[in-house]
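# Survey of secondary and tertiary structure
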Amino acid sequence: MNYALVTGGSRGIGAAICRRLALSGFGIIINYRANREAAQAVADSIIANGSAAELLPFDVASEQEVDAAFESWEKSHPDDNISVLVNNAGIRDDSLLIFMQSDQWHNVIRTSLDGMFFVTRRALKGMLTRRWGRIINITSLSGLKGLPGQANYSAAKAAIIGATKALATEVAPRKVTVNAVAPGFIKSDMTADLDEDSLKKQVPLGRFGEPEEVADIVAFIASDKAAYITGETISINGGLF
Ligand code: NAP
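First, a word on what this report is: a plain description of the structure on this page. The shown structure was predicted, so the numbers you read here are calculated from the model rather than taken from an experiment. Counting restarts for each chain: residues are numbered from 1 in the order of the written sequence. Only residues with pLDDT of 70 or above have their local features reported here, since the model is predicted, and side-chain atom pairs are shown and tallied only from 80 upward, although totals for entire chains, interfaces and linings are computed over all residues. Heavy atoms from the whole structure form the basis of all side-chain values; hydrogens and water molecules are not counted.

## Quick notes on the pattern of salt bridges
- Any carboxyl oxygen of Asp or Glu that lies within 4 Å of a side-chain nitrogen of Lys or Arg is treated as forming a salt bridge with it. Overall, the coordinates contain 11 salt bridges when judged by the stated rule.
- For glutamate 71, the salt bridge is made with arginine 122, and the minimal N-O distance between the two is 3.7 Å. Here arginine 122 lies in helix 4 (residues 102-130) and glutamate 71 lies in helix 3 (residues 63-76), a separation of 51 residues in the sequence.
- In this structure, aspartate 193 and arginine 92 form a salt bridge, with 3.1 Å as the shortest nitrogen-oxygen distance. Taken together, the positions of aspartate 193 in the loop between strand 6 (176-183) and helix 7 (196-199) and arginine 92 in the loop between strand 4 (81-87) and helix 4 put the pair 101 residues apart, joining distant regions of the chain.
- On the basis of relative accessibility, which here comes to 57%, the residue aspartate 193 falls in the exposed class. The helix and strand labels rest on DSSP assignments: H or I over at least four residues marks a helix, E over at least two residues marks a strand, and numbering proceeds from the N terminus. Using a 1.4 Å probe on the protein chains alone, a residue whose accessible area is under 20% of its type maximum counts as buried, one over 50% counts as exposed, and one in between counts as partly exposed.

## Focus: the environment of valine 176
- For valine 176, the location among the structural elements is in strand 6.
- For valine 176, a relative accessible area of 1% puts it in the buried group.
- For this analysis, residues touch if any pair of their heavy atoms sits within 4.5 Å. Contact partners of valine 176, with chain neighbours within four places excluded, come to Leu124, Met127, Leu128, Trp132, Gly133, Ile135, Val171 and Thr230.

## Description of the site of the ligand
- Around the ligand, the surrounding shell holds 32 residues, and the nearest of these are Ser10, Ala34, Asn88, Tyr153 and Ser188.
- Polar contact criterion, stated in full: a pair of N or O atoms within 3.5 Å, where within protein one must be able to donate a hydrogen and the other to accept it, and residues adjacent in sequence count only if both atoms are side-chain atoms. Between the ligand and asparagine 88 there is a distance of 2.7 Å, counted from an oxygen atom to a backbone nitrogen or oxygen.
- Residue-level accessible areas treat just the shown protein chains as cover; the underlying method is Shrake-Rupley with a 1.4 Å probe. Bound to the protein, the ligand loses 96% of the 910 Å² it would expose on its own.
- Going through the elements one at a time, helix 1 (12-23) and helix 6 (151-171) are the ones with two or more residues in the shell around the ligand.
- When residues are grouped by polarity, Ala, Val, Leu, Ile, Met, Phe, Trp, Tyr, Cys and Pro land in nonpolar, Asp, Glu, Lys and Arg in charged, and all others, Gly among them, in polar. Within the shell around the ligand, the residues separate by chemical class into 13 nonpolar, 14 polar and five charged. Residues are labelled near a given molecule or strand when at least one of their non-hydrogen atoms is within 4 Å of it.

## Here we look at helix 3
- A rise of 1.5 Å per residue sets the reference length of helix 3, with its 14 residues, at 20 Å; its end C-alpha atoms lie 20 Å apart and thus fit the reference within 8%.
- Of all the residues in helix 3, the buried ones are Val66, Ala69, Phe70 and Trp73. Axial view of helix 3: buried residues confined to an arc of 100 degrees, hence all on one face. Away from its buried face by more than 90 degrees, helix 3 exposes Gln64 and Lys75.
- Tucked inside the fold, the buried residues of helix 3 contact strand 1 (2-6), strand 2 (27-30), strand 3 (53-55), strand 4 and helix 4. The span expected for a helix works out to 1.5 Å for each residue beyond the first. Think of it as the arc spanned by the lines of direction from the helix axis to the C-beta atoms.

## Notes on the sheet that holds strand 5 (residues 133-138)
- What the seven strands build is an open sheet, ordered 3-2-1-4-5-6-7; its pairing is parallel. Both edges of this open sheet fall to strand 3 and strand 7 (233-236), since each of them pairs with a single strand only. Between one strand and the next, the sheet's axes are offset by a mean angle of 20 degrees, whatever the strand orientation.
- Of the strands in this sheet, strand 1, strand 4, strand 5 and strand 6 are in contact with helix 4, which crosses strand 4 at around 150 degrees. One requirement defines pairing of two strands: DSSP has to find at least two bridges between them. Lines fitted to C-alpha atoms define the axes, with helix axes restricted to the stretch in contact, and inter-axis angles between N-to-C directions lie between 0 and 180 degrees.

## Regarding the pairing of strand 6
- Within strand 6, eight of the eight residues are buried, leaving the element largely enclosed by the surrounding structure.
- Side chains Val176, Val178, Ala180 and Ala182 project from strand 6 onto one buried face, and the interleaved Thr177, Asn179, Val181 and Pro183 project onto a second face that is buried too.
- The sheet contact formed by strand 5 and strand 6 spans six bridges and is parallel. Paired with arginine 134 across the strands is threonine 177, a residue of strand 6.

## A look at the layout of surface pockets
- Within this scheme a cavity is a closed region of a 1 Å grid, computed over the protein atoms alone, that accommodates a 1.4 Å probe without allowing it to escape, whereas a pocket is open but has protein on both sides within 12 Å along at least five of seven lines; lining residues each have an atom within 4 Å of a point. Grid points are joined across faces, edges and corners, and a volume is the space filled by probe spheres set on the points. Put simply, the largest pocket is a space of about 1,000 Å³.
- Breaking the lining of the largest pocket down by element, the ones donating at least two residues are helix 1, helix 5 (141-145) and helix 6.
- Of the residues contributing to the lining of the largest pocket, the split by class is 19 nonpolar, 18 polar and eight charged.
- What the second largest pocket holds in volume is close to 170 Å³.
- Met116, Phe117, Thr120, Arg121, Leu124, Asn137, Ala163, Thr164, Ala166, Leu167, Glu170 and Val178 are the residues that line the second largest pocket.
- Taken together, the elements giving at least two residues each to the lining of the second largest pocket come down to helix 4 and helix 6.
- Here the residues of the lining of the second largest pocket are counted per class, giving seven nonpolar, three polar and two charged.

Fair warning: the whole summary comes from geometry, so function is off the table for now.
Put into structure tokens, the structure is as follows:
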């Protein structure tokens with residue numbers, strides 16, 4: 001069976017991506033770090049709809065945990081493949097740079113950027129051998145334009161766009177595509193502390209986006225119909241640039 005691995009699949013955008021890719025026919029591997037209950041609820045809803053889903057907890061920022069998780073999954077699934085990887089796990093820890101602690105800088109970079117590297121390196125091997133694969137990196141409007149209080153997050157997300165373009169050229173001969181999706185304000189736990197009523201006035205379409213709207217783009221990129229799109233960053237932000 002062809003599986004899609006979604007990092008940070010327990011909540012928010014990642015959970016919506018898991019549910020949507022299950023409808024596309026992929027078995028779903030739901031990664032999370034801490035929130036087993038939420039991840040299990042996502043798996044249960046996918047299984048209830050007749051698709052396959054399983055949990056694979058690891059901290060994307062830990063090279064050892066990533067490698068151990070891949071080894072155990074590959075051992076228990078000798079006839080299955082990870083054909084789609086969605087690097088979605090991410091955190092924000094905002095502060096004006098002048099007040100930012102080193103931990104805040106490193107934790108955000110480690111989770112978003114190092115995590116993408118550790119997981120992609122492992123997932124790529126099978127895709128290159130089978131000559132088909134989809135890597136989809138969730139970046140952010142913050143990485144395109146830079147937002148105040150988010151130098152750490154903007155840096156990580158901008159770096160992901162650079163890595164997306166570089167890797168796309170490396171693996172294109174093997175028919176593996178690498179793209180990024182850059183959401184603006186999307187309703188999730190990550191944005192729950194923001195003043196939505198005031199911020200939505202900045203958005204030309206006048207509202208925050210839904211996780212399911214991001215998931216639909218990811219599903220298109222994961223499909224055969226998107227075979228000629230690679231190295232691209234697709235914005236979904238209600239017109240807020
Ligand atoms: P969220 O609701 O806060 O969910 C974050 C997810 O990431 C959770 O599933 C969490 O797992 C997981 N996670 C965090 N650190 C992890 C780690 N070290 N290892 C493995 N999993 C980890 O966030 P979201 O809003 O859905 O955001 C998803 C992605 O979209 C992020 O990359 C974010 O930067 C990006 N994004 C979001 C927005 C927005 O407006 N929401 C806008 C632009 C970009 P646990 O449940 O176990 O904690």
